[in-house]
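# Structure at a glance
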Amino acid sequence: MVRADGTHRWVTARGEAQRDSAGQIVRLRGTVQDITERKRAEEAVSSVNGRLIEAQEAERARIARDLHDDIAQRLALLTMALGQVERLQPDSSGEVLSSLDALQKQAAEITADVQALSHELHSPRLLHLGVVAAMRGFCEELSGQKNVGIDFGHENVPASVPPDVSLCLFRVLQEALHNGVRHSRAPHFDVHLRGAGDVVHLTVRDEGVGFDVDAASRRLGLGLTSMRERLKLVGGELVIESQSKRGTTVLARAPVRQS
């Protein structure tokens, strides 16, 4: 509310009407509480959370660059060197050649894992191709890595989603699928991204073991907290529906206005 002197205050009000036997209102009662200080504290915490998330993303990008530009390149050179050694030893015993071949395959697998980790930390697809391509690519990669089925669909997604909203929804998808793969025991997941007016909706659904959402929220797990805070920063919201042995649905929505 705006006071007479022009200052703004936050209040929370609650009231009820008391009626007589004929149903007529005879009395009103209620409370009004000034919660300005609480709102200021919440805004301060939100500001700190925003800076922490920005710092986290910057560190993710730095680590991803180091993995891609340094470690992955060195591993690729090692794989090539092992192949050259194998070709230079045509008269070597079968056991030696077999060992070289196994080492080359291991190096190639490690290279692929490092590249996948780099892309997960900082997705080049999200940067250059947009949120739809990034989500589709992540679902395909995680499906291959964890041997689970992930169906990705999309409709009416705006051509240009603001970068902060794209990153927010992408991180929510990552967290939701990683949690689902780790805990739900579900062999299959459905992911859907949908645009509706000036809002984008993300749905991640499984038919796994489910969990107690209220209990998980009280434990303040970092995954749930991170998803909620990210969405709050872009004016969005998170809803999680889950029942024991009936699966889990994660619903995220965010406005697509320029943030």
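Above this text is the structure in question.
Residues numbered from 1 in each chain as written. Predicted model: local features only at pLDDT ≥ 70, side-chain atom pairs only at ≥ 80, totals over all residues. Heavy atoms only, no water.

### So, the state of the cysteines
This model, assessed by the stated rule, comprises zero disulfides. Among the cysteines around cysteine 139, which has no disulfide bond, cysteine 168 carries the closest sulfur, lying 16 Å off. Judged by its relative accessible area of 2%, cysteine 139 falls in the buried class. (Disulfide = S-S within 2.5 Å. Buried < 20%, exposed > 50% of the residue type's maximum accessible area, 1.4 Å probe, protein only.)

### Observations concerning helix 4 (residues 131-146)
In a regular helix each residue adds 1.5 Å, so 16 residues correspond to 22 Å; helix 4 covers 22 Å between its end C-alpha atoms and thus fits that length. Within helix 4, the full set of buried residues consists of Val131, Val132, Ala133, Ala134, Met135, Gly137, Phe138, Cys139, Leu142 and Ser143. Following helix 4 by one or two positions, asparagine 147 adopts a phi angle in the positive range, close to 55 degrees. (Helix = DSSP H or I, 4+ residues; strand = E, 2+ residues; numbered from the N terminus. Expected span 1.5 Å × (residues − 1).)

### Looking at the nonpolar core
Grouped together as the largest cluster of nonpolar side chains are 39 residues, with contacts concentrated most on Met135, Leu169, Leu173, Leu177, Val191, Leu193 and Leu202. Listed by contribution, the elements that provide at least two residues to this core are helix 4, strand 3 (149-155), helix 5 (163-183), strand 4 (188-196), strand 5 (199-206), helix 7 (222-233), strand 6 (237-242) and strand 7 (248-255). Among the elements that line this core, the one with the most residues is helix 5, at eight residues. In this view, methionine 135 contacts Phe152, Leu169, Phe170, Leu173, Leu193 and Leu202; residues no more than four positions away in its chain are not counted. (Core = buried A, V, L, I, M, F, W, Y, C linked by side-chain atoms within 4.5 Å. Contact = heavy atoms within 4.5 Å.)

### Some words on the sheet that holds strand 6
Reading across the sheet, the five strands line up as 3-4-5-7-6 and stay open at both edges, with mixed pairing between neighbours. Looking along the sheet, the strands with just one partner apiece sit at the ends: strand 3 and strand 6. Neighbour-to-neighbour, the strand axes of this sheet turn through a mean angle of 10 degrees, independent of strand direction. Summarising the sheet, strand 5 and strand 7 pair through eight bridges and their orientation is antiparallel. (Pairing = 2+ DSSP bridges. Axes fitted to C-alpha atoms, helices over the stretch in contact; angles between N-to-C directions.)

### So, the pattern of salt bridges
Side-chain pairs of opposite charge can arise whenever the charged atoms involved come near each other. Following the criterion strictly, the structure yields five salt bridges and no others. Across the salt bridge formed by arginine 40 and glutamate 37, the nearest N and O atoms sit 2.9 Å from each other. Linking arginine 40 with glutamate 37, this pair stays in helix 1 (residues 36-88), spanning three residues, or about one helical turn. Looking at arginine 40, the relative accessible area reads 44%, which means it is partly exposed. (Salt bridge = Lys/Arg side-chain N within 4 Å of Asp/Glu carboxyl O.)

### Topic: the pairing of strand 2 (residues 25-34)
Counting buried positions along strand 2 gives zero out of ten residues, so the element sits mostly on the surface. Looking at chain direction, strand 1 (residues 11-19) and strand 2 are connected through nine bridges and run antiparallel. Across the sheet, the residue bridging to threonine 12 is glutamine 33, located in strand 2. Between strand 1 and the antiparallel strand that follows it, strand 2, lie five residues; glycine 23 among them carries a positive phi value of about 90 degrees.

### A few points about the environment of alanine 254
Within the element layout of this structure, alanine 254 appears in strand 7. Through-space distance from the C-alpha of alanine 254 to that of leucine 231 is 6.8 Å; in sequence the pair is 23 residues apart. Once residues within four sequence positions are removed from consideration, alanine 254 is found in contact with Val165, Leu169, Asp198, Val199, Val200, Leu231, Val234 and Gly236.

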